[in-house]
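Single-letter residue listing:
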Amino acid sequence: MDEYFVLAVKQLVIQDRIPFAVLVPDEDEPNVVTRRAMVAGEAKELGLIPDNSPVFTDVAAMMAYLDQNDEF
């Protein structure tokens with residue numbers, strides 16, 4: 001593994017790119033849950049539905065909210 005890492009870094013320097021193809025899944029479309037969240041976000045942005053999302057000023061308050069709400 002160490003030898004591959006050294007080889008890959010050398011090729012990165014020589015080629016100025018990673019020495020292998022980066023493959024991504026064929027799934028270009030978001031899944032149902034993601035798509036629903038996107039639609040809801042756009043509807044809130046357009047004012048079609050009320051935006052009742054909580055707003056936090058610090059991380060501790062956000063974490064306390066998340067701890068109280070198991071739906072996340």
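Everything quoted here is computed from the prediction, not taken from an experiment.

Asker: Outline unusual backbone geometry, listing residues and values.
Answerer: We note that Asp16 has phi near 60 degrees; this positive angle belongs to a residue other than glycine. Mapping Asp16 onto the fold places it in the loop between helix 1 (2–15) and helix 2 (32–46). You can call Asp16 exposed: its relative accessible area is 71%.

Asker: An account of helix 2 is requested, with residue identities and associated values reported.
Answerer: A rise of 1.5 Å per residue sets the reference length of helix 2, with its 15 residues, at 21 Å; its end C-alpha atoms lie 21 Å apart and thus fit the reference within 8%. In this structure Asn31 caps helix 2, since a side-chain oxygen of it lies 3.2 Å from the backbone nitrogen of Val33.

Asker: Account for a nonpolar patch on the surface, with residues named and values stated.
Answerer: Together, Met1, Tyr4, Leu7, Leu12, Ile18, Phe20, Val22 and Val24 make up a nonpolar patch on the protein surface, roughly 860 Å² of accessible area in all. Position of Leu7 relative to the elements: it lies in helix 1.

Asker: A description of the packing of aromatic side chains should follow, citing residues and the corresponding values.
Answerer: Within a pair of aromatic rings, the relevant descriptors are the distance that separates the centres and the angle that separates the planes. Summed over the entire model, instances satisfying the criterion amount to one aromatic pair. Between Phe56 and Tyr65 the ring centres are 5.4 Å apart and the planes differ by 50 degrees, which places this aromatic pair in the tilted class. For Phe56, a relative accessible area of 31% puts it in the partly exposed group. Residue classification places Tyr65 among the partly exposed positions, given a relative accessible area of 26%.

Asker: Residue-level account of a negative patch on the surface, with values.
Answerer: Where like charges cluster on the molecular surface, the negative patch consists of Asp26, Glu27, Asp28 and Glu29. Assessed through its relative accessible area of 76%, Asp26 is described here as exposed.

Asker: Any details on the environment of Pro30? Residues and values, ideally.
Answerer: Along the chain, Pro30 turns up in the loop between helix 1 and helix 2. Its relative accessible area of 32% is what places Pro30 among the partly exposed residues. A sequence separation of 15 residues divides Pro30 from Glu45, and the C-alpha atoms of the two residues are 20 Å apart. What Pro30 contacts, discounting residues up to four positions off in sequence, is Arg35 and Met38.

Rules used in this analysis
Residues numbered from 1 in each chain as written. Predicted model: local features only at pLDDT ≥ 70, side-chain atom pairs only at ≥ 80, totals over all residues. Heavy atoms only, no water. Helix = DSSP H or I, 4+ residues; strand = E, 2+ residues; numbered from the N terminus. Buried < 20%, exposed > 50% of the residue type's maximum accessible area, 1.4 Å probe, protein only. Expected span 1.5 Å × (residues − 1). Polar contact = N/O pair within 3.5 Å; in protein donor to acceptor, adjacent residues only side chain to side chain. Patch = residues over 30% accessible without salt bridge, like charges linked within 9 Å, V, L, I, M, F, W, Y side chains within 5 Å. Areas by Shrake-Rupley, 256 points an atom, 1.4 Å probe, with all protein chains shown as cover. Salt bridge = Lys/Arg side-chain N within 4 Å of Asp/Glu carboxyl O. Phe/Tyr/Trp six-rings, centres within 6.5 Å; stacked < 30°, edge-to-face > 60°. Lys, Arg positive; Asp, Glu negative; His and termini not counted. Charge placed at Lys NZ, Arg CZ, Asp CG, Glu CD. Contact = heavy atoms within 4.5 Å.

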